[in-house]
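Remarks on the overall topology
Residues per chain are reported as follows:
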Amino acid sequence: MKKYFVFASMILLFSGCKKTIEKVQEDLVLKAMTDGQWHITNFVNNGTNITTDFANYKFKYYSNKTVDAINNNVVEKTGTWDGNATLMTTYANFVSPAYPLSLINGTWHIDRNSWTYVEATQTVGSDIRVMRLDKL
């Protein structure tokens, strides 16, 4: 019986640690994304580099999981965002966006990142998109 109690206690301890680690990861993602503005420094859509289409855009992420798309210093659209550190994904959704914002919508796989940049890929049907965001 004593062995069972020790085993059960260890399971509870490890599951609690896992949740704590996931919470810390989520907090770090939130801090990194909401600290400052971001801009797209590379965007390739199905082999075609269209980075210049985003030249006037900046993005401001907020802790309430909204994001502003700022075009020429004016908020063009407010959308939602989320990040999952465990799955290494980020998500954006702008309702009825015009081009090029429409290309950002959906779930992106984070390939590389630091506190100052994110490189991500997205597959939509047969299209492959590659995006790099850098912190201003």
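Above this text sits the structure in question.
I will try to describe carefully the structure that is included in this document. Every value quoted in this text rests on a predicted model; they were computed, and no experiment measured them. (Residues numbered from 1 in each chain as written. Predicted model: local features only at pLDDT ≥ 70, side-chain atom pairs only at ≥ 80, totals over all residues. Heavy atoms only, no water.)

What to know about the nonpolar core
So the rule is basically this: Buried residues of nine kinds, namely Ala, Val, Leu, Ile, Met, Phe, Trp, Tyr and Cys, make up a nonpolar core once their side-chain atoms join them within 4.5 Å. Only protein chains enter the accessibility calculation, which uses a 1.4 Å probe. A residue is then buried if its area is under 20% of the maximum for its type, exposed if over 50%, and partly exposed in between. Where helices and strands are cited, they refer to DSSP runs of H or I of at least four residues and of E of at least two residues respectively, numbered from the N terminus. Whether two residues touch is decided by their heavy atoms; if any such pair falls within 4.5 Å, the residues are in contact.
The biggest cluster of nonpolar side chains holds 23 residues, and the ones touching the most others in it are Ile40, Phe43, Phe54, Phe59, Tyr61, Ile104 and Leu133. Listed by contribution, the elements that provide at least two residues to this core are strand S1 (37–45), strand S3 (57–61), strand S4 (66–71), strand S7 (106–113), strand S8 (117–124) and strand S9 (127–135). Sequence-distant contacts of Phe59, that is, excluding residues within four places in its chain, are made with Gly36, Gln37, Trp38, Ile40, Val67, Asp68, Ala69, Phe94, Leu101, Ile104 and Leu133.

Quick look at the pattern of salt bridges
Side chains that carry opposite charge are capable of pairing whenever their charged atoms lie near each other. Counted only if it meets this: The salt bridge criterion pairs a side-chain nitrogen of Lys or Arg with a carboxyl oxygen of Asp or Glu, the two atoms within 4 Å.
Enumeration over the complete set of coordinates arrives at four salt bridges. Residue Arg132 is joined to Asp134 by a salt bridge in which the shortest nitrogen-to-oxygen separation is 2.8 Å. Residue Arg132 is classed as partly exposed on the basis of its relative accessible area of 23%.

Thoughts on unusual backbone geometry
With an omega of 5 degrees, the peptide bond running from Tyr99 to Pro100 counts as cis. Relative to the helices and strands, Pro100 is located in the loop between strand S6 (89–93) and S7. One non-glycine residue, Asn72, adopts positive backbone phi at about 55 degrees. A relative accessible area of 51% places Asn72 in the exposed class. The backbone of Ser96 sits at a positive phi, close to 45 degrees, despite the residue not being glycine. Note that Ser96 resides in the loop between S6 and S7.

Let's talk about the pairing of S4
The test is simple: Pairing between strands is defined by DSSP: at least two bridges between them are needed.
Pairing of S3 with S4, which is carried by five bridges, proceeds in the antiparallel orientation. Among the inter-strand pairings, Lys60 is bridged to a residue of S4, identified as Asp68. Linking S3 back to S4 in an antiparallel pair, the connection comprises four residues, with Lys65 at a positive phi of about 70 degrees. As paired strands, S4 and strand S5 (residues 74–84) are joined by six bridges and run antiparallel to one another. Bridge pairing in S5 links Ile70 to Val75. Taken together, S4 and the strand that follows it, S5, pair antiparallel across an intervening segment of two residues, in which Asn72 is found at a positive phi of about 55 degrees.

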